[in-house]
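Listed below are the residues making up each chain.
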Amino acid sequence: MTGAKYLKYLNPLTLFDTKRTRDIFHVNPTIIPERVEASEIKVNVYDYSATEFVEKQLSDIKDCFAYRDNEQTTWINVDGIRKADVEAVCHHFGIHYLIVEDIMSVSQRPKMDEMENVMFCLLNMLYFNEQTGAVETEQISIILGKGFVLSFQEDAGRDVFNPIRDKLKLNGSKLRVSGADYLCYALLDMIVDNYYIVMEKLGDRIELLEEKIIRGSNTRTLAVINSLRKELIVLKRNVSPVRELINGFIRSESDLLEERTTKYFKDVYDHILQANDLAENYRDMMMNLQDLYLSNVNLKTNEVMKVMAIVTCLLAPATVIGGIFGMNFDRIPYLHHQYGFFIAVGLMLIVPVWMLVVFKRRGWF
């Protein structure tokens, strides 16, 4: 896709959307936003061991209570957030009410906590909207307990965990022979890896925009620059805090984490460091593109002024000659000469031509 096609491809309404700006920048921690509860929820249970695997989709949230104290590893994934359901699940699994408040929160900063024999982390999954060019977020809460992992998602229609579900179905896979801590690592790793997909999409847009700016700039190009800068702010805001979140798992001394699992969290930590550096590079590139745009605008203005100045200089001799021969004196040279008019017009043409030759030799254009 060329730069021109990309600019045409973008929705003009999204380029100047003030609501998008408010959603990104207007975050007031003193005001607790109200979450709109899901009309329906979907509960999926994955109960497994090295030799057995059971996958169920439950219609009632209470049906998952039976999986608390079984001898296998259980992943309970709840799509759709409703306060009554979250409280019921957390109460049954012995999870502190403060974690319930974090799950119900909106626009929460990524974080990690250890509380009452569970480890809790909250972060955002990122998606790239191909239609609007926007980075969309979905908050996910993950709770690691002894032998179980609970995950709460906002959108039942999408997530990034399908590769994990596929691996759970394979006998002898690393997920099947490992415990709940490894499953928690796998979920976090999949979320972080998906950040690179979003950044790759944004990187492609930045490259196309750079080509467009080099070929020519206009006000629409500036609008695209501002739009991409907003999306990079969303990316940076969600990627940067995850570094501290993963580091919390690495430094934790909880019995829920086996020592052999720590190296996997270190691998995720390396990935998030690289993602953070890449986000910083993209932000610097956008600043450079803005400077390039302004330089192109100034250059275009200088070119216009240069042409106008040259035209003015070339017309100056004709203006002077016409002014001299247009004076109302009784005695003017060649006033009654039969070739006077042609001599004056010839001078008006010869002098500008001579000036063009001089300007060209001096490299003024």
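This text follows the structure it describes.
The following paragraphs examine the structure supplied in this document. (Residues numbered from 1 in each chain as written. Predicted model: local features only at pLDDT ≥ 70, side-chain atom pairs only at ≥ 80, totals over all residues. Heavy atoms only, no water.)

### A closer look at the overall build of the protein
When helices and strands are tallied, the protein shows 12 helices and seven strands. Across its three principal axes, the protein shows a C-alpha extent of roughly 120 × 40 × 30 Å. For the protein, the proportion of its 365 residues judged to be buried stands at 44%. A sequence separation of at least 24 residues applies to 68% of the contacts in the protein between residues at least 6 apart. Accessible surface, the protein as shown: approximately 20400 Å² in total, 55% of it carbon and sulfur. Computed over 42 positive and 49 negative side-chain charges, the inter-centroid distance for the protein is 11 Å. (Helix = DSSP H or I, 4+ residues; strand = E, 2+ residues; numbered from the N terminus. Buried < 20%, exposed > 50% of the residue type's maximum accessible area, 1.4 Å probe, protein only. Contact = heavy atoms within 4.5 Å. Areas by Shrake-Rupley, 256 points an atom, 1.4 Å probe, with all protein chains shown as cover. Lys, Arg positive; Asp, Glu negative; His and termini not counted. Charge placed at Lys NZ, Arg CZ, Asp CG, Glu CD.)

### Points about empty space enclosed by the protein
This model, assessed by the stated rule, comprises two cavities of 30 Å³ or more. Empty space within the largest cavity amounts to approximately 50 Å³. In terms of lining, the largest cavity is formed by K174, S178, G179, D181, Y182, E258, R260, T261 and Y264. Taken together, the residues of the lining of the largest cavity break down into two nonpolar, three polar and four charged. (1 Å grid on protein atoms, 1.4 Å probe; cavity = no way out; pocket = protein on both sides within 12 Å on 5 of 7 lines; lining within 4 Å. Points joined across faces, edges and corners; volume = space filled by probe spheres on them. Nonpolar A, V, L, I, M, F, W, Y, C, P; charged D, E, K, R; others polar.)

### Here we look at the sheet that holds strand β1 (residues 42-48)
A sheet is described by the order of its strands in space; here seven strands give the open sequence β2-β1-β3-β7-β6-β5-β4, paired in mixed fashion. Among the strands making up the open sheet, the edge pair consists of β2 (53-58) and β4 (111-115). Mean inter-strand twist for the sheet, computed between neighbouring axes without regard to direction, equals 15°. In this sheet, strand β7 (residues 148-153) lies alongside strand β3 (residues 73-79) in parallel orientation, the contact comprising six bridges. Note that in β7 the partner of T74 across the bridge is F148. (Pairing = 2+ DSSP bridges. Axes fitted to C-alpha atoms, helices over the stretch in contact; angles between N-to-C directions.)

### With respect to helix α10 (residues 242-251)
What α10 keeps buried is the set V242, L245, I246, G248, F249 and I250. Tucked inside the fold, the buried residues of α10 contact β4, β5 (118-128), α8 (180-215), α9 (219-239) and α11 (262-325).

### Some details on the packing of α9 against α11
Between α9 and α11, the least distance of the axes is 10 Å, while the angle of their chain directions is 160°. Classified by the angle their axes make, α9 and α11 are roughly antiparallel. The hand of the α9/α11 crossing is left-handed. The residues of α11 that touch α9, namely those facing T219, T221, L222, I225, L228, R229, L232, L235, K236 and V239, are I272, A275, N276, A279, E280, Y282, R283, M286, M287, L289, Q290 and Y293. Tallied by class, the residues present in the contact of α9 with α11 amount to 14 nonpolar, four polar and four charged. (Parallel < 35°, antiparallel > 145°, perpendicular 65-115°, else oblique. Left-handed = near helix turned anticlockwise from the far one by under 90°.)

### Here's the deal with the packing of α10 against α11
Across the interface, α10 lies against α11 with an axial gap of 9 Å and an inter-helix angle of 165°. Comparing the axis directions of α10 and α11 gives the class roughly antiparallel. Viewed along their axes, α10 and α11 form a crossing whose handedness is left-handed. Residues V242, R243, I246, N247, F249 and I250 of α10 lie in contact with α11, whose contacting residues are T262, F265, K266, V268, Y269, I272, L273 and N276. For the contact of α10 with α11, a count of residues per class yields nine nonpolar, three polar and two charged.

### Description of a nonpolar patch on the surface
Taken together, the side chains of V320, I324, F325, M327, F329, Y334, Y339, F341, F342, I343 and L347 present a nonpolar region at the surface, about 1100 Å² in accessible area. Counting residues per element, the ones that place at least two in the nonpolar patch are α11 and α12 (340-361). With four residues, α12 is the single largest residue contributor to the nonpolar patch. Among the secondary structure elements, I324 is positioned in helix α11. Looking at I324, the relative accessible area reads 44%, which means it is partly exposed. (Patch = residues over 30% accessible without salt bridge, like charges linked within 9 Å, V, L, I, M, F, W, Y side chains within 5 Å. Salt bridge = Lys/Arg side-chain N within 4 Å of Asp/Glu carboxyl O.)

### A few points about the pattern of salt bridges
Inspection of the entire model under this criterion finds 13 salt bridges. Measuring nitrogen to oxygen at the nearest pair gives 3.7 Å for the salt bridge that ties R109 to E244. Pair noted here: R109 is in the loop between α5 (97-104) and β4 and E244 is in helix α10, with a separation of 135 residues, a long-range link. In this structure, E258 and R260 form a salt bridge, with 2.7 Å as the shortest nitrogen-oxygen distance. By relative accessible area, E258 is classed as partly exposed at 33%. Overlapping salt bridges, with partners in common, bring together D102, K111 and D113 in one network.

### Quick notes on the packing of aromatic side chains
With the rule as written, the count across this model stands at nine aromatic pairs. Ring geometry for W75 against F161: centres 6.0 Å apart, planes inclined by 80°, an arrangement best described as edge-to-face. Taken as a pair, W75 in strand β3 and F161 in the loop between β7 and α6 (162-168) lie far apart in primary sequence, 86 residues in all. Comparing W75 with F161, the two get one shared label, buried. For the ring pair Y185 and F265, a centre distance of 6.0 Å and an interplane angle of 75° mean the geometry is edge-to-face. With a gap of 80 residues between them, Y185 in helix α8 and F265 in helix α11 connect regions that are remote in the sequence. Judged by its relative accessible area of 9%, Y185 falls in the buried class. A network of ring pairs unites the aromatic residues Y182, Y185, F249, Y264 and F265 as a single cluster. (Phe/Tyr/Trp six-rings, centres within 6.5 Å; stacked < 30°, edge-to-face > 60°.)

Fair warning: the whole summary comes from geometry, so function is off the table for now.
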